[in-house]
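# Working through the structure, step by step
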Amino acid sequence: MRRWNGWGDETVSFPLPADALLFLEKRLGKPSPLPDASFTDVMELVPSSRLPDHPLVARTPGDRVRHARGQSLPDWLALRSGNIGVFPDGVAYPVSPAQVRALLAYAKEQQAVLIPYGGGTSVVGHINPQVMDRPILTIDMSRMNRLLDLDHESHIAVFGAGASGPDVESQLRAHGYTLGHYPQSFEFSTLGGWIATRSSGQQSLGYGRIERLFAGGTMETPSGPLKIHDFPASAAGPDLRELVLGSEGRFGILTEVKMRASSMPPKESFRVFFFPHWNNGTRALRRIVQAGIPLSMLRLSNALETETHLALAGHRRAVHLLERWLAFRGAATGKCMVTMGISGTRKLHQTALKEAVRVLREEEGTPAGTMLGRKWMQNRFRAPYLRNSLWTKGYCVDTLESAINWDRVSQLVESVEAALMTALAGEGERVLVFSHLSHLYPQGSSMYTTYLFPVAGSYEETFSRWQRLKKAASESIVEGGGTITHHHGVGIDHAPYLVSEKGPLGISSIKVLCDQFDPDGIMNPGKLVA
Ligand SMILES: Cc1cc2nc3c(=O)[nH]c(=O)nc-3n(C[C@H](O)[C@H](O)[C@H](O)COP(=O)(O)OP(=O)(O)OC[C@H]3O[C@@H](n4cnc5c(N)ncnc54)[C@H](O)[C@@H]3O)c2cc1C
């Protein structure tokens, strides 16, 4: 069973190693954790539903609580405090496009609004119901999760849009294929959610972002179905896939999607290198990606992220020995870790490794073998479970991301980190901030920043701390010329900053599309654009 107020499966945990706790206490102090509301208490707060009976709609408090919030830090604070505010009036679990169409008709009849729901892993408020006079119906797509067709010649796989990461990979792998899309939320997030938020997976360098993997499909809208062909390429005017990508449930509900699968790579490996300084690391990454060396993943952690990862590894003696050896090789204080992945044929693997290692060595990278890489691979979806353990010790953790051209990457990382580190200085609180570059392009890179801070004396004060941090970081991103989001999407939290990126004409064009697909304004109102 999935946790209702935290991350992941209830049977899985990732306890904080003792060294990591000491590391945090030294940097952030020792806060007193806040008390959690119970599921039973929260269910009692759910008001009666404003929707009439319908065979496809569940109105139980349990369904409604479980679909009230996503996974952002404000969502966590709402769930943990029990102060959730607004619940959907009902949750439907359609199994076919015909049922989705029936639900659209029912919503129209009831003057209800609809929230398409994939895995509910949004970190920016995408699926949260807003206060409104109209009833709210959440459409949970998880039962439309099957592989419907697989074209072995074209490598096109048709899926129900509610298929989660494990649904997609297990059904494709049974036929020798992979989609290769691995966001860290892989366990629960879905194809529909990935497309509607423009998601990017950990191996985007090799397989591409979701934009490259999405070939076409059907979106049921209040104005009728929008069918998008899966041509390999087309010059027939603007590409309609671009309307669906990033639409955040505002235009309609994706029911069936055509995805570009790849043959399973015969060989895949991950390995780790250390660099004496951030600047050597960024130069190496840029050279590799601009030379087109076919890696599937490349990530550079800055010095504090490297230190934090090593503290979290929990193997004190092994880490100590590694650090002594790295110091001997010139990577001591300030060292930065690079994790690299190669996926493909044995020949490609050999060539890519040789070419990449040549550049990494030229930039003073020291190889640390394949063990750390293997560990990364084994734990790639485990890290979010740490959020649960951190919470029980009184620490909040949040992340944010942007992208910018190479000439300003380091500057943006520095300014966003500085904005976060000083945002709580007025109340004498420290913030632990670290970053990495992980989705790389010949033109530039994404940046991904994690920040941890202690809970305050109450939920309200903790939320207000988060607001100050988020505002400081978002303003710094906008001022620094980065995009407000590289892969989390806009939702509610990034909506105020969208106009500085799209401009007034851009925003009004998106609104025109909302009106075109959804003239009565029933699709996920309040998200993306108000
Ligand atoms: C621990 C953690 C790690 C994460 N790591 C990554 C990462 O590595 N990369 C990344 O890109 N993101 C990441 N995310 C963010 C999140 O997982 C993505 O935004 C993901 O794409 C959301 O998918 P979902 O199925 O959970 O969608 P939901 O959260 O359910 O919905 C997100 C949006 O998509 C819309 N939507 C969902 N399904 C449909 C549909 N069928 N038709 C139309 N609209 C739909 C919803 O209305 C909503 O607006 C992470 C989140 C968490 C909590």
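Everything below is about the structure printed above this text.
Read on for a plain summary of the structure. (Residues numbered from 1 in each chain as written. Predicted model: local features only at pLDDT ≥ 70, side-chain atom pairs only at ≥ 80, totals over all residues. Heavy atoms only, no water.)

### Here's the deal with the sheet that holds strand 9 (residues 224–228)
What counts, and what does not: Following DSSP output, two strands are said to pair if at least two bridges run between them. Secondary structure is summarised from DSSP: a helix means a run of H or I of at least four residues, a strand means a run of E of at least two, and numbering begins at the N terminus for each. Axis angles are defined between N-to-C directions and span 0 to 180 degrees, where every axis is a line fitted to C-alpha atoms and, for a helix, only to the segment in contact. By definition, residues are in contact when any of their heavy atoms lie within 4.5 Å.
If you trace the 5 strands from one edge of the open sheet to the other, you get 5-6-10-8-9, paired in antiparallel fashion. The strands lining the two open edges of the sheet, one partner per strand, are strand 5 (147–151) and strand 9. Direction aside, neighbouring strands of the sheet carry axes that sit 10° apart on average. Two elements, strand 6 (residues 156–160) and strand 10 (residues 253–260), share 5 bridges in a ladder whose sense is antiparallel. Each residue of the ladder has a partner; that of Phe-159, found in strand 10, is Val-257. Along the sheet, helix 5 (residues 97–110) makes contact with strand 8 (214–221) and strand 10, crossing strand 8 at roughly 40°. Along the sheet face, helix 6 (residues 165–173) touches strand 5 and strand 6 and points at about 140° away from the line of strand 6.

### Some words on the packing of aromatic side chains
For clarity, the threshold we go by: To pair, rings of Phe, Tyr and Trp, with the six-membered ring standing in for Trp, must have centres within 6.5 Å; the planes then decide the type, stacked if under 30 degrees apart, edge-to-face if over 60, and tilted in the middle. Relative accessibility decides the category of a residue: with a 1.4 Å probe and only protein chains considered, values under 20% of the type maximum give buried, values over 50% give exposed, and everything between is partly exposed. In this scheme, Lys NZ or Arg CZ marks a charge over a ring once it lies within 6 Å of the ring centre and within 35 degrees of the ring normal.
Per the counting criterion, the structure on display carries 10 aromatic pairs. Taking 5.2 Å as the distance between ring centres and 85° as the angle between the ring planes, the aromatic pair formed by Trp-7 and Phe-188 counts as edge-to-face. With a gap of 181 residues between them, Trp-7 in the segment before helix 1 (18–28) and Phe-188 in the loop between strand 7 (177–178) and helix 7 (191–197) connect regions that are remote in the sequence. The pair Trp-7 / Phe-188 is uniform in exposure class, with both members buried. Ring plane angle 45° and centroid distance 5.1 Å describe the contact between Phe-270 and Trp-376, whose orientation is recorded as tilted. Taken together, the residues span a long stretch of sequence, with Phe-270 in strand 12 (residues 267–275) and Trp-376 in helix 15 (residues 371–378) at a distance of 106 residues. The exposure class of Phe-270 is buried, given its relative accessible area of 5%. You can call Trp-376 buried: its relative accessible area is 16%. Three or more aromatic residues joined by ring pairs make a cluster, and in this case those are Tyr-182, Phe-186 and Phe-381. The ring of Phe-188 is capped by Arg-2, whose NZ or CZ atom sits 4.2 Å from the centre of that ring. If you follow Arg-380 out to its NZ or CZ, it ends over the ring of Tyr-182, 4.4 Å from the centre.

### Let's talk about the nonpolar core
The following threshold applies: As used in this record, nonpolar core signifies buried Ala, Val, Leu, Ile, Met, Phe, Trp, Tyr and Cys residues forming a set joined through side-chain atoms within 4.5 Å.
Leu-295, Met-340, Leu-437, Tyr-451 and Phe-453 are the most contacted members of the largest nonpolar core, which has 72 residues in total. Dropping the residues within four chain positions of it, Phe-453 is found in contact with Leu-28, Leu-73, Gly-394, Tyr-395, Cys-396, Leu-424, Arg-430, Val-431, Thr-462, Arg-465, Trp-466 and Leu-469. Within the second largest apolar cluster, 34 residues are counted, among which are Phe-159, Tyr-177, Ile-228 and Ile-510.

### Some remarks on the site of the ligand
To keep it simple, the criterion reads: Here a residue counts as near a molecule or strand whenever at least one of its heavy atoms sits within 4 Å of it. A 3.5 Å cut-off defines polar contacts: any pair of N or O atoms within that distance qualifies, except that in protein one atom must be a possible hydrogen donor and the other a possible acceptor, and neighbouring residues in sequence count only when both atoms are side-chain atoms. Working definition of accessibility: Shrake-Rupley area with a 1.4 Å probe, residue cover restricted to the visible protein chains. Classification used: nonpolar for Ala, Val, Leu, Ile, Met, Phe, Trp, Tyr, Cys and Pro, charged for Asp, Glu, Lys and Arg, polar for all others including Gly.
Near the ligand you find 36 residues, and of these Pro-116, Gly-118, Thr-121, Ser-185 and Thr-190 are the closest. For the ligand, an oxygen atom lies 2.7 Å from a polar atom in the side chain of Thr-190. Side-chain polar atom of Thr-197 to an oxygen atom of the ligand: 2.9 Å apart, as the coordinates give it. Contact with the protein chains covers 97% of the free accessible surface of the ligand, which is 960 Å². At the level of elements, strand 3 (113–117), helix 7 and strand 10 are the ones that each hand at least two residues to the shell around the ligand. Classifying every residue of the shell around the ligand gives 13 nonpolar, 21 polar and 2 charged.

### So, the environment of Asp-75
By the secondary structure assignment, Asp-75 is in helix 4 (residues 73–81). Residues Asp-75 and Leu-452 lie 377 residues apart in sequence; the distance between their C-alpha atoms is 16 Å. If sequence neighbours within four positions are ignored, Asp-75 has contacts with Arg-69, Gly-70, Ser-122 and Asn-128.

### A short note on the packing of helix 4 against helix 18 (residues 459–480)
Just so we agree on the cut-off: Any angle from 65 to 115 degrees is called roughly perpendicular, while one under 35 is roughly parallel, one over 145 is roughly antiparallel, and all others are oblique.
Packing of helix 4 against helix 18 leaves a shortest axis separation of 10 Å and a crossing angle of 175°. For the element pair helix 4 / helix 18, the angle class is roughly antiparallel. Listed contacts from helix 18 to Leu-73, Pro-74, Leu-77, Arg-80 and Ser-81 of helix 4 are Tyr-459, Thr-462, Phe-463 and Trp-466. Of the residues that constitute the contact of helix 4 with helix 18, the class distribution is 6 nonpolar, 2 polar and 1 charged.

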